[in-house]
Amino acid sequence: MKPLLSIQDYKAHFYTRRGIVKAVNGITYDVYPGKTLAIVGESGSGKSVSQLSYLGLLPAPPLKIMGGTVQFEGRDLLKMKEDDLRKIRGDKISMIFQEPMTSLNPYLKIGSQLIEPLVIHRKQNKKEAWKAATQSLERVGISRPSHAMESYPHEFSGGMRQRVMIAMALTTEPKLLIADEPTTALDVTVQAQILDLLKSIQKETQMAMILITHDLGVVAGAADEVVVMYAGRVFETGSVDDIFYRSEHPYTRALLRSTPRLDKLEKELPVIPGSPPDLIAVTEGCPFYERCSYQKEICKTEFPKESTLGPKHKRFCHAEKLS
Amino acid sequence: MHRPESTTLSAKDLTVHYPLRSKGLLRAVDGISLNLYPGEVLGLVGESGCGKSSLGRALMRLHEPTSGTLSVLGSDFLSLKGSKLREFRRNIQMVFQDPYASLNPRMTVSDALSEPLRAHFSLTPQEISKKVGRALEQVGLTEQAKHKYPHEFSGGQRQRIAIARALVLDPKVLIADEPVSSLDVSVQAQVLNLLKEIQKNTGLSMLFISHNLSVIKYISDRIAVMYLGKIVETAAREDLFKKPLHPYTQALISAVPIPDPKLERERKRIPLTGELPSAENPPLGCAFHTRCPWVVPRCLEERPNLQAVASGKQEVACFESGKQL
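Structural notes, computed from the coordinates. Computed from a predicted model, the values in this text were never measured in an experiment.

Some details on the overall build of chain B
Move 1: Along the backbone of chain B there are eleven helices and twelve strands.
Move 2: Scaling as 2.2 N^0.38, a compact globule of 325 residues should have a C-alpha radius of gyration of about 20 Å, and chain B matches this with 21 Å.
Move 3: Oriented by its inertia axes, the alpha-carbon framework of chain B measures out at about 65 × 50 × 45 Å.
Move 4: Looking at chain B as a whole, 54% of its 325 residues qualify as buried.
Move 5: Long-range pairs, those at least 24 residues apart, make up 65% of the contacts in chain B with a sequence separation of at least 6.
Move 6: Total accessible area on chain B is roughly 14600 Å²; 50% of this is exposed by carbon and sulfur atoms.
Move 7: Separation of charge centres in chain B, based on 42 positive and 33 negative side chains, amounts to 1 Å.

Structure below.
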């Protein structure tokens, strides 16, 4: 199968007064139709910037794209003119964000916001669009959709607002949905509802999904493939089972071990010493070097090359086999 | 588990009602009775809006409870006033969620930690410096941290400073409200282990408030589950996960994703429809009846009280408890 989105050696940096923030520092992976790719990482790992930047959703300057390619359906998004990119964004590629309150306009009725993608991208007239949007609300499980179309965002709970966001992202039947921490602001009982909803829609439409999250539990339940990011770098990629059962990267392993799990009664959690690095200070070496229990001299000066461990499984690490 | 008779903190029928502009009342805490025993970590878990932070703040008297009684270390905490109250407060300290907001950016670490000491004791600068140094050591920071400002530290280190500030007075009770929720996963474990270790070394009693059931399970000896202003179940941590009695507890446990793909593929979720009702206009009878799969007519009229089950160690507020979803 051909990938829908193919990111190759992509770099995006911020030029700030303090110095150059290497937010995305050479990442490579593919996204396939009908599959969910989860990008896992802590705050500052570059997981959001790696997506927002190539879509032109971040102010440039300070953002500067430093190289690489981002091929979507065979076309390089990085070489595209702003006008062409705008035609794809919100149409073939849709996004949902973490905070559904701030991503909806509080002054506009839900309906007026929901029809926007259809009116702009599909040139539908408002009446048609209103009908289609009402249907899309029904599809995401909102009862009394026609009433909801006439309501304002504040009249909805967090979970309902996120459903509205999903409905809005899906009106144009996108090929790729980028979901940036879609359930982080929601309660866990509601989170389960939203993740189930996304899964069932994906099954129906075969859209590809990039799920950005810091929650390893969400990844285990929702992802087909996983990319582990740290300080702007990709550390490991693989199928969800590769990452959770056969990880060969010290960071991935340490992260999995230091997360408390509901199915275990841990006596003492192993910790990762220190904290994530300042992205201005990152060097050419491996950014995890100082916190790593497998550190070697070479890690200080040279970022490891990709090594292949299985059909999908790749890692970037100088260490020999992990114990 | 040995259950000592004496309590460190004991709340009876505590309520916190916020008056609303619409002349209504928001019943954030709606008649809660809760004991905290010496040397235990009690986890308080619930979803946003259930009133867990309001309860924590009421136990500290950061917000005055509307009614009820509260005894701390044998004293009637709610009747204390003026200098007596100020003096008593050293026994009960708090750590908040956001270490960026709870530390004054214009105070050095040493200032922030010595302020409570100056307020409560008359000590010489040398004595203060010694106590500050000891508190910093307790949380794994060095003397060099003393003269730095909060912005010079990472989130995890800031939370260590906030914990040191709470510990500098040697409190008997520590209330930690979502202390690791704003921290990265790799740093979260460090702070959790630190709190565990401090509890063990000092023997203080801790109320650990969180929405994260996995974190609560790791740190607590005993757990209380809260829903819409009420406690619906309390149990020792092993019992709560082995045999949850309340339907809400069961649904909550089943909704938490586990970082294990095989388990996630196999597990059955107990779907809860809808969301938390508003505390301004809570359902009559049992507050959970609008989402409960076991609902019977009685639940719509009568409010179930928290009652000990046969074994005596677990308490549940449900007429139909004991079924399994």
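A short note on the pattern of salt bridges
Move 1: Within the structure shown, the criterion is met by 29 salt bridges over all chains.
Move 2: Measuring nitrogen to oxygen at the nearest pair gives 3.3 Å for the salt bridge that ties E82(A) to R89(A).
Move 3: Put simply, R298(B) and E302(B) hold a salt bridge, and the shortest N to O gap is 3.3 Å.
Move 4: Looking at R298(B), the relative accessible area reads 43%, which means it is partly exposed.
Move 5: A cluster of three or more residues bridged by salt bridges with shared partners is formed by E82(A), D83(A), R86(A) and R89(A).

A closer look at the packing of helix 7 (residues 158-170) of chain A against helix 8 (residues 188-205) of chain A
Residue and element names in this part refer to chain A.
Move 1: At their nearest, the axes of helix 7 and helix 8 sit 10 Å apart, and the two run at 15° to each other. On the basis of the axis angle, helix 7 is roughly parallel to helix 8. Where helix 7 crosses over helix 8, the handedness of that crossing is right-handed. Each of G159, Q162, R163, I166 and L170 in helix 7 lies in contact with helix 8, whose residues at this interface are V190, Q193, I194, L197, L198 and I201.

Brief notes about unusual backbone geometry
Move 1: Along the chain, A60(A) connects to P61(A) via a cis peptide bond; the corresponding omega equals -5°.
Move 2: Along the chain, the position of P61(A) falls in the loop between helix 1 (49-52) and strand 4 (63-72).
Move 3: With an omega dihedral of 10°, the bond running from P61(A) to P62(A) counts as a cis peptide bond.
Move 4: Structurally, P62(A) can be placed in the loop between helix 1 and strand 4.
Move 5: For K23(B), which is not glycine, the phi dihedral falls at a positive 70°.
Move 6: Structurally, K23(B) can be placed in the loop between strand 1 (9-19) and strand 2 (25-36).
Move 7: Of note in this structure, D170(B) is not a glycine but carries a positive phi near 50°.
Move 8: With respect to the secondary-structure elements, D170(B) resides in the loop between helix 5 (155-167) and strand 7 (173-177).
Move 9: For D170(B), a relative accessible area of 39% corresponds to the partly exposed category.

Regarding the nonpolar core
Move 1: L113(B), I163(B) and F208(B) are the most contacted members of the largest nonpolar core, which totals 71 residues.
Move 2: In terms of residue count, the dominant contributor to this core is helix 6 (residues 185-202) of chain B (six residues).
Move 3: When near neighbours in sequence (up to four residues on either side) are disregarded, F208(B) contacts V41(B), L42(B), G43(B), L44(B), A176(B), P179(B), L192(B), L195(B), V215(B), I216(B) and I219(B).
Move 4: V70(A), A223(A), I243(A) and L255(A) belong to the second largest nonpolar core, which has 64 residues in total.

Section: the sheet that holds strand 5 (residues 75-76) of chain B
Residues and elements named next belong to chain B.
Move 1: The four strands are arranged 2-1-4-5 in an open sheet whose pairing can be described as antiparallel. Single-partner strands in this sheet number two, and they are strand 2 and strand 5.
Move 2: Relative to strand 5, strand 4 (residues 67-72) is paired through two bridges, and the arrangement is antiparallel. Directly across from V72, in strand 5, lies its bridge partner S75.

A short note on the sheet that holds strand 1 (residues 5-16) of chain A
All names here are of chain A.
Move 1: Read across the sheet, four strands follow the order 2-1-4-5 without closing on themselves; strand pairing throughout is antiparallel. A strand with exactly one partner marks an edge of an open sheet, and here the two such strands are strand 2 (19-31) and strand 5 (75-76).
Move 2: With two bridges connecting them, strand 4 and strand 5 associate as antiparallel partners. Pairing of Q71 across the sheet is with D76, part of strand 5.

With respect to helix 8 of chain A
Three- or four-residue spacings in an α-helix give side chains the same orientation, since the helix completes a turn every 3.6 residues.
Move 1: For helix 8 of chain A, built from 18 residues, the straight-helix expectation of 26 Å at 1.5 Å per residue is met to within 8% by its first-to-last C-alpha distance of 26 Å.
Move 2: Listed in full, the buried residues belonging to helix 8 of chain A are V188(A), T189(A), V190(A), Q191(A), A192(A), Q193(A), I194(A), L195(A), L197(A), L198(A), I201(A) and Q202(A).

Each value, and the rule that gives it
- Residues numbered from 1 in each chain as written.
- Chains lettered and ligands numbered in written order.
- Predicted model: local features only at pLDDT ≥ 70, side-chain atom pairs only at ≥ 80, totals over all residues.
- Heavy atoms only, no water.
- Helix = DSSP H or I, 4+ residues; strand = E, 2+ residues; numbered from the N terminus.
- Rg over C-alpha atoms; globule rule 2.2 N^0.38 Å.
- Buried < 20%, exposed > 50% of the residue type's maximum accessible area, 1.4 Å probe, protein only.
- Contact = heavy atoms within 4.5 Å.
- Areas by Shrake-Rupley, 256 points an atom, 1.4 Å probe, with all protein chains shown as cover.
- Lys, Arg positive; Asp, Glu negative; His and termini not counted.
- Charge placed at Lys NZ, Arg CZ, Asp CG, Glu CD.
- Salt bridge = Lys/Arg side-chain N within 4 Å of Asp/Glu carboxyl O.
- Axes fitted to C-alpha atoms, helices over the stretch in contact; angles between N-to-C directions.
- Parallel < 35°, antiparallel > 145°, perpendicular 65-115°, else oblique.
- Left-handed = near helix turned anticlockwise from the far one by under 90°.
- Core = buried A, V, L, I, M, F, W, Y, C linked by side-chain atoms within 4.5 Å.
- Pairing = 2+ DSSP bridges.
- Expected span 1.5 Å × (residues − 1).

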